[in-house]
Amino acid sequence: SPEQISNRMKEDHPEDEAMRVSHQTIYDWIRNDEPCGKRYRVFLRQSGRRRRKRYGTSEKRGRIKNRIDIDERPKVVDKKQRLGDWEGDTVEGAKGTGYLTTLVDRKTRYLLLGFSKTKQASEVRRAMIRGFRRHDDLPCETITLDNGKEFAEHEQLGKSLNASVYFAKPYHSWERGLNENTNGLLRQYFPKGMDFSKITPYQLRKVEAELNNRPRKSLHYRTPREVLRE
C-alpha cells in the first residue's frame, strides 16, 4: 500500500532525506497522473476505486493554529517510564447532549475524566484543566491530542498546565493507543447514543474511580492508582 511504501522508505534509506514521500502524495499521483498513474491504479487494495477524502488530510490538518507534530515530542515519552505524559481526547454522547473529556497518563494509565456541554475549544480546555485541579499533585509534562478542532486552544491549555502539547498524525490512532483503549472502556459505562446531559458529577467520579482501581495486564495486574502511589 502507499502507506507501507512511504514508511518503508524511511527504514531502507534512513540517512537520505530525498527518499521521502507521503502516502497522500502517492495516492494523488496515481489518481491524477495520466497515463502513468492509471497503469498502477489496478494494484491498489481498493481495486482502483477513487479514494475517499477523510478527516485529518492535509486540507484540514493545517486548521489548528501552531500545531506541533508528535515527531517533535521528546523521545522519553515513547518509553512510558515518566510520570506526567498524558494522552487526551473526547467521547461524544447523543447529538447535542455533551462530551466527555479524557486524559490518561502513559506510565500509570491513570484517568482524569471530565464533561463538556459542547465541543467548543474553550469548554473542552476548561474541562481538562478542571481534571488536573482536582489532583493538585499530578505532574503534567506533555499532552498528546488528536487533530479535532475542539483542541484549537491547545496553546492556552499548555500554558495553564505548564505543559507541552503535541498532536498525533491524522488518522494514526495507534499513536494514542492508550487513550483509544480507555475510551473503549468508558463505552461500557456510557454507550454510543446515550444522553450525556443526564450524567451527574457523582457518576463521573464513580466511573473514574472504578477505572483507576481496575487491575491492568499492562501494569502486571496492578491498578493505575497503585502504580501512581508508588
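Rules and cut-offs
- Residues numbered from 1 in each chain as written.
- Predicted model: local features only at pLDDT ≥ 70, side-chain atom pairs only at ≥ 80, totals over all residues.
- Heavy atoms only, no water.
- Helix = DSSP H or I, 4+ residues; strand = E, 2+ residues; numbered from the N terminus.
- Buried < 20%, exposed > 50% of the residue type's maximum accessible area, 1.4 Å probe, protein only.
- Axes fitted to C-alpha atoms, helices over the stretch in contact; angles between N-to-C directions.
- Parallel < 35°, antiparallel > 145°, perpendicular 65-115°, else oblique.
- Left-handed = near helix turned anticlockwise from the far one by under 90°.
- Contact = heavy atoms within 4.5 Å.
- Salt bridge = Lys/Arg side-chain N within 4 Å of Asp/Glu carboxyl O.
- Lys, Arg positive; Asp, Glu negative; His and termini not counted.
- Polar contact = N/O pair within 3.5 Å; in protein donor to acceptor, adjacent residues only side chain to side chain.
- Pairing = 2+ DSSP bridges.

Draft legend 1. Representation of unusual backbone geometry in the model. Here histidine 220, not a glycine, exhibits a phi torsion of approximately 60°, which is positive. Tracing the chain through its elements places histidine 220 in the loop between helix 8 (201-212) and helix 9 (224-229). Given the relative accessible area of 66%, histidine 220 is considered exposed. Phi angles above zero are rare outside glycine, and tyrosine 221 is one such case at about 65°. In this fold, tyrosine 221 is placed in the loop between helix 8 and helix 9.

Draft legend 2. How the structure looks around the packing of helix 5 (residues 121-133) against helix 6 (residues 154-161). Where helix 5 meets helix 6, the closest approach of the two axes is 10 Å, and the angle between their N-to-C directions is 15°. It follows that helix 5 is roughly parallel to helix 6 by the angle criterion. Seen from above, helix 5 lies across helix 6 with right-handed handedness. In this structure, helix 5 uses Arg125, Met128, Ile129 and Phe132 to contact helix 6, whose residues at the interface are Gln156, Leu157, Ser160 and Leu161.

Draft legend 3. Representation of the pattern of salt bridges within the structure. Enumeration according to the criterion identifies 16 salt bridges in this entry. For glutamate 208, the salt bridge is made with arginine 134, and the minimal N-O distance between the two is 2.9 Å. Remark: arginine 134 occurs in the loop between helix 5 and strand 4 (142-145) and glutamate 208 occurs in helix 8; sequence separation between them is 74 residues. By relative accessible area, which is 5% here, glutamate 208 ends up buried. Among the residues examined, arginine 134 registers a relative accessible area of 36% and is labelled partly exposed. Within the structure, one salt-bridge network assembled from shared partners comprises Arg67, Asp69, Asp71 and Lys169.

Draft legend 4. Looking closely at the side chain of glutamate 150. Within the fold, glutamate 150 resides in the loop between strand 4 and helix 6. The side chain of glutamate 150 sits in the buried core without any salt bridge; lysine 119 is the nearest counter-charge, 4.0 Å away. Within polar-contact distance, the side chain of glutamate 150 engages the side chain of threonine 90 at 3.0 Å. Leave out the neighbours within four places in its chain, and glutamate 150 touches Thr90, Lys119, Ala121 and Val124.

Draft legend 5. Expanded view of the pairing of strand 2 (residues 99-105). With respect to burial, strand 2 is a largely interior element, seven of its seven residues being buried. Residues of strand 2 alternate between two faces, with Tyr99, Thr101, Leu103 and Asp105 on one and Leu100, Thr102 and Val104 on the opposite face, all of them buried. Relative to strand 2, strand 1 (residues 85-92) runs antiparallel, the two sharing seven bridges. When the sheet's bridge partners are listed, glutamate 92 is paired in strand 2 with tyrosine 99. Turn length for the strand 1-strand 2 hairpin, with the two strands adjacent in sequence and antiparallel, is six residues, and the turn residue glycine 96 shows positive phi of about 80°. Here six bridges tie strand 2 to strand 3 (residues 111-116), and the two strands are oriented antiparallel to one another. From the neighbouring strand, leucine 103 faces strand 3, where its bridge partner is leucine 112.

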